[in-house]
Amino acid sequence: MASVFVYHVVGDLTVGKPELVEFLESETVESAIRAIGESPEGSIPIWRKRSHVAIENSEMRQQRFVGVLSSFDIVAFLAKSQCLEDQDMALKTPVSEVVVPNNSMLRVVDPATRLIDALDMMKQGLKRLLVPKSLAWKGMSKRFSVIYYGKWLKNSESPSNSSNNLPPNINRSPSTSGTSSRDKYCCLSREDVLRFIIGCLGALAPLPLTSIAALGAINPNYSYIESSTPAMEATQKLPQDPSAVAVIENAPDGQCKIIGEISACKLWKCDYLNAAWALANLSAGQFVMGVEDNVSPRSLPDFCVDSSAAGDNALANGGGSRKPKKFSSRSIGFFNNSASHSFGSRSMYRGRSAPLTCKISSSLAAVMAQMLSHRATHVWVTEDESDDVLVGIVGYADILAAVTKPPATIIPVNRSTEGFGNEIQC
């Protein structure tokens, strides 16, 4: 275990983090689209309104947390038939009807919580850490984490009780013994933790230069749909972590070739109304590869987008009135038109729609750099000899498990594809 995780605490990562502004479940889908576009994580935590003005402690705040709303959740909601028929109504729907309740995605922790404890919680599926900014504390964390004494595990049923994570040498100021309504919080994501880790690569040697295959960081249990199936089926197969579904084609030899993905991070900056129409009407292959005006199948109907209902260009780019037009992948907004290449009768857009991939021999440091530079939550893993034969996926949880892996558990792996591609049956 690297000492950098033992000696650092969560408070070390909150420097410069802005204060959390709660997004309430009573807000509309239209407001959520704007908030997600401005969020650095591409998703936002949803909260219930405070029931009273009295002092609110950490446990009460934890109970008000509803879940995390992503761009995929909104596009899937807008793709429902009743929403496509009445876009005005859909955009005014409260997000409480869209967000999937999951109180375990966020946890209120003390800033003196050891980083190793935070990593362990995030490996188990935690996506956000809510950290008080006004709590006065000083001192260094203990050399050994409380998790190795079993204290955190014994209190797992009441995780919001942050006092369980306090080392004995933390000094609280008397005025902060309780969390007042004036307390300010900031939110730490797994991306924040990954940025911290990539800044400490030297302390983690030799892990950063070890291949993801040798570290066992490749997850072969990914979700996928075939390119010929309706894109809407991705909403039924979307896993919680990472929120991504691979779009694959079966090769004659039985291998799975990835041609794209339908995921929250790819839909983050897209045109939500056009993407919703495409999700409901196109095949998965058409959705990720692109459909141009001049090569669109005749079966594609005209569709209407009312940009006035959306309120700004972030929601719809179809002009100022409701006009029928032939669908084009350009209207979704996540395709790079300058990077298109035509192969036969199918137009391929390899801009922001292209899946982010790496090889099974890629180093852990290279994969982390890919995720951070592309603001992605995952990287698809392909065979060394092929750019599109899919092997598995690497997400945040896989990387956090890899960086905390004892060196003795790292096994040499042949850089050939033996042991990977043959295990995955599509």
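To start, this report covers the structure provided alongside it. (Residues numbered from 1 in each chain as written. Predicted model: local features only at pLDDT ≥ 70, side-chain atom pairs only at ≥ 80, totals over all residues. Heavy atoms only, no water.)

**Details of the pairing of strand β8 (residues 244–250)**
(1) Moving on: The buried count for β8 comes to five of seven residues, which makes it a mostly enclosed element.
(2) Moving on: Judged from the three bridges that link them, strand β7 (residues 224–226) and β8 form a sheet pairing that is parallel. Counted as the bridge partner of tyrosine 224 is alanine 246 from β8.
(3) Moving on: Both β8 and strand β9 (residues 256–263) contribute to a ladder of seven bridges, which runs antiparallel. Looking at the pairing, alanine 246 lines up with glutamate 261 of β9.
(4) Moving on: Count of turn residues in the β8/β9 antiparallel hairpin: five residues, of which glycine 254 carries a positive phi of about 90°. (Buried < 20%, exposed > 50% of the residue type's maximum accessible area, 1.4 Å probe, protein only. Helix = DSSP H or I, 4+ residues; strand = E, 2+ residues; numbered from the N terminus. Pairing = 2+ DSSP bridges.)

**Brief notes about the nonpolar core**
(1) Moving on: In this structure, Ile44, Ile46, Leu69, Ile74, Leu78, Ile262 and Phe287 are the most contacted members of the largest nonpolar core, which totals 47 residues.
(2) Moving on: Counting 46 residues, the second-largest nonpolar core is a separate cluster that includes Leu129, Ile197, Leu204 and Cys358. (Core = buried A, V, L, I, M, F, W, Y, C linked by side-chain atoms within 4.5 Å.)

**Digging into the packing of aromatic side chains**
The description of two aromatic rings rests on the distance between their centres and on the angle between their planes.
(1) Moving on: Tallied over the full model, the rule gives three aromatic pairs.
(2) Moving on: Ring geometry for tyrosine 222 against tryptophan 380: centres 6.1 Å apart, planes inclined by 90°, an arrangement best described as edge-to-face. Of this pair, tyrosine 222 sits in the loop between α9 (190–198) and β7 while tryptophan 380 sits in strand β15 (residues 378–382); the two residues are 158 residues apart in sequence, bridging distant segments of the chain. Both residues of the pair, tyrosine 222 and tryptophan 380, count as buried.
(3) Moving on: Site record: aromatic cluster; members linked through ring pairs are Tyr222, Tyr224 and Trp380.
(4) Moving on: Across the ring face of tryptophan 47, the terminal group of arginine 61 is positioned such that the distance to the ring centre comes to 5.6 Å.
(5) Moving on: Directly above the ring of tyrosine 224 sits lysine 237, whose terminal nitrogen or CZ lies 5.7 Å from the centroid. (Phe/Tyr/Trp six-rings, centres within 6.5 Å; stacked < 30°, edge-to-face > 60°. Lys NZ or Arg CZ within 6 Å of the ring centre and 35° of its normal.)

**Quick look at the sheet that holds β8**
(1) Moving on: If you trace the three strands from one edge of the open sheet to the other, you get β7-β8-β9, paired in mixed fashion. The sheet is open, and its two borders are formed by β7 and β9, each paired with just one other strand. The average undirected angle you get between the axes of adjacent strands in this sheet is 35°. (Axes fitted to C-alpha atoms, helices over the stretch in contact; angles between N-to-C directions.)

None of the figures reported here should be taken as evidence of function without further support.
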